[in-house]
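Residues per chain, in single letters:
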Amino acid sequence: MPRLTHEEILHWLRESDPAALEQLFARADEARRTHVGDEIHLRGLIEISSFCVRQCHYCGLRAARSMPRYRMTREEVLTGARSAVELGFGTVVLQSGEDFGIEAAWLAEIIRAIKNETPLAITLSLGERLPDELRLWRDAGADRYLLRFETSDPALYAAIHPRRGSAVSDRIALLRELRELGYEIGSGVMVGIPGQTCEMLVRDIELFEQLDLDMIGIGPFLAHPDTPLGAPGVQTAGPGPNFIDQVPSSECMVLKAVALTRLVCPEANLPSTTALATINTLDGREHGLLCGANVFMPVLTPAPYRQMYQIYPGKACLDEDATQCNACLRDRIESLGRTVGTGPGGRFTRTASQSTPIPRSQPRLTPQKNPTSPLVVLP
Ligand code: SAH
């Protein structure tokens, strides 16, 4: 397939004709099927701590918020990992605010325990930690690290993600270090950050390709009222009166970005995000899967803690326990004629002996059904 140019990506992000967009989504779905197959991988998300030293202008965990916080115990984390195995997941994702109360040696021991006891792949998503800590966790057996760069635009990034003291926050450099350490690397962006333009979003997608990311998470920005970006008027105002190219944080815009990312980075693992399911609780998850995504990340965090880990308000499925959530997601996957992945579901890479990309993983068992609401709902 010919490479998409900068201008073409921009054109597609600005496209609003439903018939044209159906074609884009169909192309992305075909690329997804060709390169990563029909399996949907389930990654159990355990939100291990809500403490955070950062002041990110978008995030409900920012340090300035005075609210009850928690850090899970070793046993609680291991219980979460065991339930991931029982539910048939191949990966567990340990996520938190940037919490230096999570001591490197403590977590390394937990990583070793999970690896000894289970076949799970381990993804860490703990913010900007020190190279020595990242190395220790990698040596202990962690497989992947997720660190969204949020936006590739340096000025917008600096405005929404203040540096901590004198330390520069360079997530792109950190991703390269993580790659050197042997992690599979995941990153991603929010769509619809106040001040974000379509041009910036094109550069985000181009950066995904340059970094050769293994996983790419793309979700809508959701304003949290207790954060600077959630203050009344900020979301629509943009940086000034002449600012007309604000990316909307709409479902359609997210689907366009997911589809284009699938075309530009065909082998990457792309989640249909919980944030997407939050703006369309009915079938946002399915829409993501139809536009190029091949991963779900069900939440395994125990109930009392979930309520305390609200990076944005109104998170989808907050009250569902892990068993209900698992059953619901499996139904959604099957309703699309797709299958639940088994095993760790890491990056698929072609070996030299494979002349063609991945074969279709399974013949379709059931005819593809359409989700309830139409795929193209314009912003
Ligand atoms: N402390 C970790 C994990 C942060 S939460 C880190 O900084 O990497 C994971 C992701 O949630 C963030 O990277 C961000 O992209 C997303 N997120 C945070 N606030 C959000 C909001 N208000 N709306 C949508 N997504 C948000």
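Our subject is the structure that appears above.
Scoring rules and cut-offs
Residues numbered from 1 in each chain as written. Predicted model: local features only at pLDDT ≥ 70, side-chain atom pairs only at ≥ 80, totals over all residues. Heavy atoms only, no water. Salt bridge = Lys/Arg side-chain N within 4 Å of Asp/Glu carboxyl O. Helix = DSSP H or I, 4+ residues; strand = E, 2+ residues; numbered from the N terminus. Buried < 20%, exposed > 50% of the residue type's maximum accessible area, 1.4 Å probe, protein only. Near = heavy atom within 4 Å. Polar contact = N/O pair within 3.5 Å; in protein donor to acceptor, adjacent residues only side chain to side chain. Areas by Shrake-Rupley, 256 points an atom, 1.4 Å probe, with all protein chains shown as cover. Nonpolar A, V, L, I, M, F, W, Y, C, P; charged D, E, K, R; others polar. Pairing = 2+ DSSP bridges. Right-handed = clockwise from strand over helix to strand, strands pointing away. Contact = heavy atoms within 4.5 Å. 1 Å grid on protein atoms, 1.4 Å probe; cavity = no way out; pocket = protein on both sides within 12 Å on 5 of 7 lines; lining within 4 Å. Points joined across faces, edges and corners; volume = space filled by probe spheres on them. Phe/Tyr/Trp six-rings, centres within 6.5 Å; stacked < 30°, edge-to-face > 60°.

## Considering the pattern of salt bridges
Summed over all chains, the structure comprises 31 salt bridges. Notably, a salt bridge pairs arginine 65 with aspartate 226, separated by 3.0 Å at the nearest N-O pair. Taken together, the residues arginine 65 in the loop between strand 1 (39–49) and helix 3 (74–86) and aspartate 226 in the loop between strand 6 (215–220) and helix 9 (234–237) connect sequence positions 161 residues apart. Its relative accessible area of 44% is what places aspartate 226 among the partly exposed residues. We note a salt bridge from aspartate 153 to arginine 203, for which the minimum N-O separation is 3.7 Å.

## So, the site of the ligand
Residues in contact with the ligand amount to 17 residues; listed here are only the nearest, Tyr58, Ser96, Glu150, Arg171 and Leu222. Glutamate 150 is positioned such that a nitrogen or oxygen atom in its side chain is 2.6 Å from an oxygen atom of the ligand. At 2.8 Å from an oxygen atom of the ligand is found a side-chain nitrogen or oxygen belonging to arginine 171. Within the complex, 92% of the 550 Å² of free accessible area of the ligand lies under protein. A class-by-class count of the residues in the shell around the ligand yields nine nonpolar, four polar and four charged.

## Describing the pairing of strand 6
Among the six residues that make up strand 6, six are buried, leaving the element largely enclosed by the rest of the structure. Pairing of strand 5 (residues 184–191) with strand 6, which is carried by six bridges, proceeds in the parallel orientation. Residue pairing in the sheet places glycine 186 in a bridge with methionine 215 of strand 6. Where the polypeptide runs from strand 5 across helix 8 (residues 198–211) and back to strand 6, its parallel neighbour, the crossover connection is right-handed.

## Thoughts on the side chain of aspartate 204
Tracing the backbone shows aspartate 204 in helix 8. Ignoring anything within four residues of it in the chain, the contact list for aspartate 204 reads Phe149, Thr151, Ser152, Val189 and Gln196.

## Thoughts on empty space enclosed by the protein
Inspection of every chain in the model, using the stated rule, returns three cavities of 30 Å³ or more. In this structure, the largest cavity occupies an estimated 980 Å³ of space. Mapped onto the lining of the largest cavity, the elements with two or more residues apiece are strand 1, strand 2 (91–96), strand 3 (121–125), strand 4 (144–146), strand 5, strand 6, helix 11 (274–279) and strand 7 (295–296). Among the residues forming the lining of the largest cavity, the class breakdown is 25 nonpolar, 14 polar and 10 charged. Considered as a void within the structure, the second largest cavity measures approximately 60 Å³ in volume. Along the walls of the second largest cavity sit Thr274, Arg285, Met297, Pro298, Val299, Arg306, Ala316, Cys317 and Cys325, which together make up its complete lining. Here the residues of the lining of the second largest cavity are counted per class, giving six nonpolar, one polar and two charged.

## Topic: the pairing of strand 1
Strand 1 sits mainly inside the fold: 11 of its 11 residues count as buried. Looking at chain direction, strand 1 and strand 8 (residues 339–340) are connected through two bridges and run parallel. Across the sheet, the residue bridging to isoleucine 40 is valine 340, located in strand 8. Note that strand 1 and strand 7 share two bridges and pair parallel. Counted as the bridge partner of histidine 41 is valine 295 from strand 7. For strand 1 and strand 2, the ladder comprises six bridges, and the chain directions are parallel. Bridging across to strand 2, leucine 45 finds its partner in valine 93.

## Topic: the packing of aromatic side chains
Each aromatic ring pair is described using two quantities: the centre-to-centre distance and the angle formed by the ring planes. Inspection of every chain in the model, using the stated rule, returns three aromatic pairs. Here the aromatic rings of tyrosine 70 and tyrosine 305 are separated by 4.3 Å at their centres, their planes lie at 10°, and the arrangement is stacked. Taken together, the positions of tyrosine 70 in the loop between strand 1 and helix 3 and tyrosine 305 in helix 13 (residues 303–306) put the pair 235 residues apart, joining distant regions of the chain. When its relative accessible area of 17% is taken as the criterion, tyrosine 305 is described as buried. Geometrically, the ring pair formed by phenylalanine 149 and phenylalanine 208 is tilted, given 5.6 Å between the ring centres and 45° between the ring planes. With phenylalanine 149 in the loop between strand 4 and helix 6 (154–160) and phenylalanine 208 in helix 8, this residue pair connects regions lying 59 residues apart in the sequence.

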